[in-house]
Amino acid sequence: FPRVGCPGAADIGADCTTLIEMTSNSRVSARTSASPERRDFIREIVAADVREGRVSEVVTRFPPEPNGYLHLGHSKAIALNFGIAQEFGGRCHLRFDDTNPIKEEQEYIDSIQEDIRWLGFDWGEHLYFASDYFHQLYDWAVHLIKAGKAYVDDLSAEEIREHRGTFTEPGTNSPWRDRPIEESLDLFERMRAGEFPDGARVLRAKIDMTSPNINLRDPVLYRILHATHPRTGDEWCIYPLYDFAHGQSDAIEGVTHSLCTLEFEDHRPLYDWLIENLPVPSRPHQYEFARLNFTYTVLSKRFLGRLVSEGHVRGWDDPRMPTLSALRRRGFPPEGLRNFLDMVGLGGKGTSAAEIEMLEHEVRDVLNRRALRRFAVLRPLRLVIENYPEGQVEEVEAVNNPEDPSAGTRKAPFARELWIERDDFMEDPPSKFFRLAPGREVRLRYAYFVTCTDVVKDASGEIVELRCSYDPETRGGDAPDGRRPKATLHWLSSEHAVPAQVRIYDRLFTRPDPGADGDLYADLNPNSETVLQECLVEPALTELPVGETVQFERLGYFCPDPDSTPGGLVFNRTLGLRDTWAKLQAQAAGP
């Protein structure tokens with residue numbers, strides 16, 4: 001049954017839960033409520049409540065529905081709720097809004113917990129479920145009926161919509177609105193006992209069918225749903241709607257600041273009405289703020305679920321998806337996401353779309369400082385150094401990370417037969433192509449200068465091998481006479497290279513505003529994934545654990561996929577090396 005009274009909520013519901021200011025986990029402990037760099041209207045409210053004694057302990061909560069994986073939008077809700085609790089010495093609860101058993105699965109519960117921990121937060125002992133409170137919620141529903149503030153309605157879902165009215169016209173009362181209290185009590189009890197089929201009856205609050213706020217036009221509190229619940233089994237066949245379960249769960253848990261996005265602003269009067277008309281143990285307050293969207297991205301859990309079920313992607317954690325699990329699988333470091341959220345801040349109450357390049361910039365910044373460098377060749381072309389001794393293998397010293405001297409060096413095997421990138425050679429290069437070409441000298445990184453002396457082609461005319469000579473006086477990449485080639489290439493020893501599959505990812509959508517013309521599917525990028533089957537990598541990469549991102553020199557950042565095995569390496573490209581956002585910022589700054 002849809003969340004009656006919330007225009008558009010049937011599509012987004014609480015999927016789009018909360019986009020709020022985030023704080024980098026490494027910076028939280030150093031910042032306090034008085035810190036000006038962490039000041040925003042939410043924190044000012046919390047600080048005032050603490051300072052003036054209205055709140056003795058700050059309690060927040062993150063309340064996801066376990067009907068899908070968390071996406072980028074949820075990361076801000078997680079960061080704000082857990083961040084504020086940390087900053088003010090309080091606690092943050094993780095509470096699953098498990099009131100719709102048809103769509104909920106243990107897989108989603110597990111993934112949500114993993115995502116929160118990956119971001120750097122933990123709820124400790126404060127893990128709760130709305131289903132923990134089903135008995136109490138039922139008793140409170142009975143309380144409303146006895147007080148004449150709720151009634152059992154026999155209208156169908158469609159009839160309820162028709163009676164609700166519009167934004168410009170008031171609603172009309174249900175013919176069952178004045179049903180006797182005893183009759184509603186009896187019917188509600190029989191609803192719980194399972195006497196009626198799905199959709200036959202609902203329990204509605206009796207508020208005001210002429211209210212300008214549609215959410216107050218006798219909203220539905222309970223619906224009949226004969227479905228087995230993951231936690232309560234078949235104990236219940238009626239389930240509370242979000243608006244009834246959410247605020248009351250806050251009150252039961254002693255939540256002081258209920259933080260949610262602006263689509264719930266019109267629900268606040270109902271949130272408050274229920275708190276005022278029920279004998280709840282505490283009185284939480286709801287505060288709203290703007291959602292943050294992203295270019296080239298769709299943050300509708302329902303649509304993302306369709307992409308999965310219809311086979312457009314491999315799953316919720318497909319690296320093209322905007323889910324946190326997908327970002328983790330793709331190799332995004334959580335610090336990069338936290339830094340991005342810290343940079344965009346809470347903002348005002350308007351809707352905005354952050355450029356996805358901003359997030360990628362922060363991710364590159366972290367990886368540039370932390371990621372180890374390794375060699376890989378994605379489209380191999382054989383290179384034979386004819387004047388290099390046959391059978392000889394030497395080890396050259398390669399830097400692990402030029403941004404971090406403490407990362408040290410590694411030994412890379414160098415031999416007569418090598419692999420280089422096919423794109424690093426052109427037989428007839430244009431004027432601004434400075435890489436390898438016939439008669440041209442280039443530097444092999446950490447090794448020697450080589451000059452192309454011959455090109456070998458197959459019967460079809462395709463280049464299959466390059467013949468080169470090397471200068472033995474240039475070991476380490478420097479020439480005694482001071483000459484400096486215009487290009488430095490990466491390479492791999494043919495004998496030591498390890499085969500791997502590499503998956504190259506692009507935007508999932510072809511335009512920054514997907515669906516602007518009314519069709520999200522039309523904007524899906526058919527080239528969002530390219531799988532390269534004949535790649536080669538350094539031997540050391542066979543021991544790289546899943547989740548650790550490295551830089552393939554000159555190619556980008558990559559990490560092992562969970563599909564990877566020692567005998568069948570699979571790498572996902574996290575990001576390329578080009579930083580569009582940094583370039584735009586530099587251009588904006590001027591000379």
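Source: prediction; values computed, not measured.

Chemist: Sorry, what's going on with the sheet that holds strand β25 (residues 550-552) here?
Modeler: Two modes of strand pairing occur in sheets, parallel and antiparallel, and in both the strands are linked by backbone hydrogen bonds. Pairing in this open sheet of seven strands is mixed, and the strands run β12-β25-β26-β27-β23-β24-β13 from one edge to the other. Looking at which strands have only one partner, the edges of the open sheet turn out to be β12 (373-374) and β13 (376-377). Two elements, β13 and strand β24 (residues 529-537), share two bridges in a ladder whose sense is antiparallel. Note that in β24 the partner of Val377 across the bridge is Leu536.

Chemist: Help me out: how do you make sense of the packing of helix α6 (residues 134-146) against helix α9 (residues 242-253) in this one?
Modeler: Each packed pair of helices is defined by two parameters, the angle between the axes and the distance between the axes. Viewed as axis vectors pointing N to C, α6 and α9 meet at an angle of 110°, and their least axial separation amounts to 11 Å. It follows from the interaxial angle that α6 and α9 lie roughly perpendicular. In the packing of α6 onto α9, the handedness of the crossing is right-handed. Mapping the contact onto sequence places Gln136, Leu137, Trp140, Ala141 and Leu144 in α6 and Phe244, Ala245, Gln248 and Ile252 in α9. Among the residues forming the contact of α6 with α9, the class breakdown is seven nonpolar, two polar and no charged.

Chemist: It is not clear to me how the sheet that holds strand β1 (residues 59-62) should be interpreted in this structure. Could you clarify?
Modeler: With respect to topology, three strands assemble into an open sheet ordered β1-β2-β3, the strand pairing being parallel. Either end of the sheet is taken by a strand with one partner, and the two such strands are β1 and β3 (127-129). Mean inter-strand twist for the sheet, computed between neighbouring axes without regard to direction, equals 35°. Where β1 lies against strand β2 (residues 91-96), four bridges are found, and the strand directions are parallel.

Chemist: Would you mind going over the state of the cysteines with me for this structure?
Modeler: Here, the word disulfide means a covalent bond between the sulfur atoms of two cysteines. Taken as a whole and judged by the stated rule, the model has zero disulfides. In this model Cys535 remains outside any disulfide bridge; the closest cysteine sulfur is found in Cys559, 14 Å from its own.

Chemist: I keep staring at the packing of aromatic side chains and nothing clicks. Help me out?
Modeler: Per the counting criterion, the structure on display carries 24 aromatic pairs. Each ring, one from Tyr69 and one from Tyr108, has its centre 5.9 Å from the other, and the planes form 80°; the classification is edge-to-face. Here Tyr108 lies in helix α5 (residues 106-119) and Tyr69 lies in the loop between β1 and α4 (72-87), a separation of 39 residues in the sequence. Of the two residues, Tyr69 and Tyr108, neither departs from the other in class, the shared state being buried. Ring pairing ties together the aromatic residues Phe134, Tyr138, Phe188, Tyr222, Trp236, Tyr239 and Phe244, which thus form one cluster. Over the ring of Phe129 we find Arg231; its NZ or CZ atom is 3.8 Å from the centre of that ring. Here the guanidinium or amino end of Arg410 rests over the ring plane of Phe375, the centre of that ring lying 5.4 Å away.

Chemist: I keep staring at the pairing of strand β27 (residues 569-575) and nothing clicks. Help me out?
Modeler: The side chains of a regular strand alternate between the sheet's two faces. Of all the seven residues making up β27, six are buried; the element is thus mostly covered by neighbouring parts of the structure. Note that strand β26 (residues 556-560) and β27 share four bridges and pair antiparallel. Among the inter-strand pairings, Phe558 is bridged to a residue of β27, identified as Arg573.

Chemist: Help me out: how do you make sense of helix α8 (residues 181-193) in this one?
Modeler: Every α-helix winds through 3.6 residues per turn, so residues three or four apart in the chain are directed the same way. Taking 1.5 Å per residue, 13 residues should reach 18 Å; α8 reaches 18 Å between its end C-alpha atoms and fits that length. Turning to α8, its buried residues are Ser184, Leu185, Leu187, Phe188 and Met191. Considering only its buried residues, α8 is in contact with α6, β4 (150-153), β5 (202-205), β6 (220-224) and β7 (238-240). Gly194 lies just past α8 and shows a positive phi near 90°.

The rules behind these values
- Residues numbered from 1 in each chain as written.
- Predicted model: local features only at pLDDT ≥ 70, side-chain atom pairs only at ≥ 80, totals over all residues.
- Heavy atoms only, no water.
- Pairing = 2+ DSSP bridges.
- Helix = DSSP H or I, 4+ residues; strand = E, 2+ residues; numbered from the N terminus.
- Axes fitted to C-alpha atoms, helices over the stretch in contact; angles between N-to-C directions.
- Parallel < 35°, antiparallel > 145°, perpendicular 65-115°, else oblique.
- Left-handed = near helix turned anticlockwise from the far one by under 90°.
- Contact = heavy atoms within 4.5 Å.
- Nonpolar A, V, L, I, M, F, W, Y, C, P; charged D, E, K, R; others polar.
- Disulfide = S-S within 2.5 Å.
- Phe/Tyr/Trp six-rings, centres within 6.5 Å; stacked < 30°, edge-to-face > 60°.
- Buried < 20%, exposed > 50% of the residue type's maximum accessible area, 1.4 Å probe, protein only.
- Lys NZ or Arg CZ within 6 Å of the ring centre and 35° of its normal.
- Expected span 1.5 Å × (residues − 1).

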